[in-house]
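These are the residues of each chain, in order.
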Amino acid sequence: MKLPKHVNDCLEALEQAGFAAYAVGGCVRDACLGLIPHDYDLCTAALPEQTQAVFQAYPLVLAGEKHGTVGVVTAGGLIEITTFRTEGPYGDSRHPDWVKFVPDLTQDLARRDFTVNAMAFSPTRGFADPFGGRRDLEGRVLRAVGNPVRRFQEDALRILRGLRFAAVYCLTVEAATREAMFSQAYRMDALARERIFEELTKLLPRLDLDALVTFAPVLTAAVPELKPMVGFDQCSPHHAYDLYTHVAHVVAGVPGDPVLRWAALLHDLGKIPCFTRDENGRGHFYGHASAGAELADRVLARLKAPNLLRQQVRDLVAGHMTRLEPDRKLLRRRASAMGYAQLERLTWLQQADMGGKGTGEGPDAGYFRQIRDVIQELRREDACLKVRDLAVNGHDLMALGLEGKAIGVWLDRLLELVLDETLPNERGALLDHLRRELS
Ligand code: ATP
Ligand code: MG
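Calculation notes
- Note on numbering: residues in each chain are counted from 1, in written sequence order.
- Chain letters and ligand numbers both follow the written order, the letters beginning at A and the numbers at 1.
- For this predicted model, a pLDDT threshold of at least 70 governs which residues receive local features, and a threshold of 80 or more governs which side-chain atom pairs are given and counted, while totals over whole chains, interfaces and linings are taken from all residues.
- Working from all heavy atoms in the structure, the side-chain values ignore hydrogens and water.
- Working definition: helices are DSSP H or I runs of at least four residues, strands are E runs of at least two. Numbering for both runs from the N terminus.
- Radius of gyration here uses only the C-alpha atoms, and the compact-globule reference equals 2.2 Å multiplied by the residue count raised to the power 0.38.
- Whether two residues touch is decided by their heavy atoms; if any such pair falls within 4.5 Å, the residues are in contact.
- Note on areas: these come from Shrake-Rupley sampling with a 1.4 Å probe, and a residue is covered only by the protein chains present in the view.
- Neither His nor the chain ends contribute to the count of charged residues, in which Lys and Arg are positive and Asp and Glu negative.
- To locate a charge, take atom NZ for lysine, CZ for arginine, CG for aspartate or CD for glutamate.
- The split into domains, and so the bounds of each, comes from an automatic or database assignment of domains.
- Two strands form a pair only when DSSP identifies at least two bridges running between them.
- Nearness is defined per residue: one heavy atom within 4 Å of the molecule or strand is enough.
- Contacts described as polar in this section are N or O atom pairs within 3.5 Å, which, within protein, must combine one atom able to donate a hydrogen with one able to accept it, while residues neighboring in sequence count only if both atoms come from side chains.
- Side-chain classes are defined by residue name, with Ala, Val, Leu, Ile, Met, Phe, Trp, Tyr, Cys and Pro counting as nonpolar, Asp, Glu, Lys and Arg as charged, and the others, Gly among them, as polar.
- Buried residues are those whose accessible area, probed at 1.4 Å on protein chains only, stays under 20% of the maximum for their type, while exposed residues exceed 50% and partly exposed ones sit between those limits.

(A) Representation of the overall build of the chain in the model. When its secondary structure is counted, the chain shows 21 helices and 13 strands. A compact globule built from 439 residues should have a C-alpha radius of gyration of about 22 Å, whereas the chain, at 28 Å, is more than 25% larger. Counting only C-alpha atoms and orienting by the principal axes, one finds that the chain spans roughly 90 × 65 × 35 Å. Of the contacts made within the chain by residues no fewer than 6 positions apart, 64% connect residues no fewer than 24 positions apart. For the chain, the accessible surface area stands at approximately 20,200 Å², while carbon and sulfur atoms represent 51% of it. Of the charged side chains in the chain, 54 are positive and 58 negative; the average position of the first set lies 1 Å away from that of the second.

Listed below in structure tokens is the structure:
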């Protein structure tokens, strides 16, 4: 394993002061896979104050000192250096309830979540892998370090982290680890909400259909509102799957953008409260889009999602049944109301929603591609969508003798005509029209 110079320099400085030091965790895992690590964490026998003394010439970040972590700001970036430690359960927070510094690397590796994350490397001391992380990486296996039930009891967030590592690195979750994920999933209920949100937001874009279905017990424990969907018969000739399986198809069917993945996961929350059956026994879900938008918003509020994402997901869920066609005027109106990025997301959501019926009916991918082509065309033209995009402004209208409220009213009217493509967004044409109307 070849380490960048600034990382080597840190290891060497610690070793020269008499402390064992290694690169550890994600960077070793990524290097074993031939990937370029996005950051480097070090671990060492030095106590935090000893690490500080070794790096006294550098700017230090001491926010994690209590847990043994000293951040060293090097020319190559921030390096986090953590004293070898064991730790207690994570309670509901981000950090273990207690940590105990230990002299020995193996104990430090033993507190790490998965074997593939529990490897260390030093250019002078070599490769340390007491739990068989390398063998698991080669066999494409995700395995908890030690007793998986106990490890998920200590910190239930590891369950979601595990699904993410499995998805990102194409690992199969080993049977005992998988069973423990299922049996301990209920403990996620005690985690800090924002931790669940953050981890799910990293995980959702990575999940494929198979993982979404296999790990339904985990995902429905993380978002309990999904639970009644599992096995829910939609009683409809338009749907081949139960509601959860449909949702899984839709999530897997949209691009891996966090907003879209959240919207897909929550898009049909309104179906269960809105479910009715007609005299033939057929299921209907009148009003489920707007009901679902409310419910989705409540889920995201509880998880303390950022306001922007919350609003975007809410709007997509509310709009997921609105009619889209490859029609310039219609799409221009929609883009005016929701913006291009959200409109494009809506096309993906609707496309995946159609595909997720499992019946092959309805508009196909080609149809939605046509819609996106028209949206692209509007984008390229930089088409006028808002009053502020008009080729005339309030001053122009004042020069024609308008004042006060009338200015806003006329600008809105002009925008309507431009959106309808009755008038081009050209100064001359707009002013001519106004003069005619006002004379
Ligand atoms: P990435 O940063 O690519 O998501 P990573 O493995 O570096 O992956 P981090 O969250 O940065 O993950 O954590 C660094 C290391 O700390 C992990 O590799 C793992 O050894 C350990 N670790 C992190 N979180 C936990 C946890 N909740 N329980 C046990 N060990 C953990
Ligand atoms: Mg990391």
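On we go from here.
(B) Spotlight on the domain arrangement of the chain. As far as domains go, the chain holds domain 1 (1–146), domain 2 (228–383) and domain 3 (387–438). Domain 1 and domain 2 are separated by 43 Å when their C-alpha centres are compared.

(C) Up close: the sheet that holds strand β9 (residues 126–128). Spatially, β3-β4-β5-β2-β1-β8-β9 is the arrangement adopted by the seven strands of the open sheet, whose pairing is mixed. Only two strands of the sheet have a single neighbouring strand rather than two, namely β3 (60–61) and β9. Bridge count between strand β8 (residues 120–122) and β9: three bridges; the pairing is antiparallel. Each bridged residue has a counterpart across the sheet, and for S122 the counterpart in β9 is G126.

(D) Structural view of the site of ligand 1. Surveying the vicinity of ligand 1 reveals 15 residues, the closest of which are R29, H38, N117, D155 and R158. In the model, an oxygen atom of ligand 1 is placed 3.3 Å from a nitrogen or oxygen of the G26 main chain. For ligand 1, whose accessible area on its own is 590 Å², the fraction buried by protein is 80%. Sorting the residues of the shell around ligand 1 by element identifies α2 (26–32) and α7 (157–168) as the ones contributing at least two each. Here the element with the most residues in the shell around ligand 1 is α7; it accounts for four residues. Residues that form the shell around ligand 1 fall into these classes: two nonpolar, four polar and nine charged.

(E) Structural view of helix α13 (residues 258–266). In terms of burial, α13 is a largely internal element, eight of the nine residues being buried. Within α13, the full set of buried residues consists of V259, L260, R261, W262, A263, A264, L265 and L266. On its buried face, α13 is in contact with α9 (193–203), α12 (243–253), α14 (288–302), α15 (307–319) and α17 (340–355).

(F) Local environment of unusual backbone geometry. Even without being glycine, C170 reaches a positive phi, approximately 55°. Relative to the assigned elements, C170 resides in the loop between α7 and β11 (172–173). Exposure remark for C170: the relative accessible area of 56% places this residue in the exposed category. We note that D382 has phi near 55°; this positive angle belongs to a residue other than glycine. Assignment of secondary structure puts D382 in the loop between α18 (365–381) and α19 (394–399).

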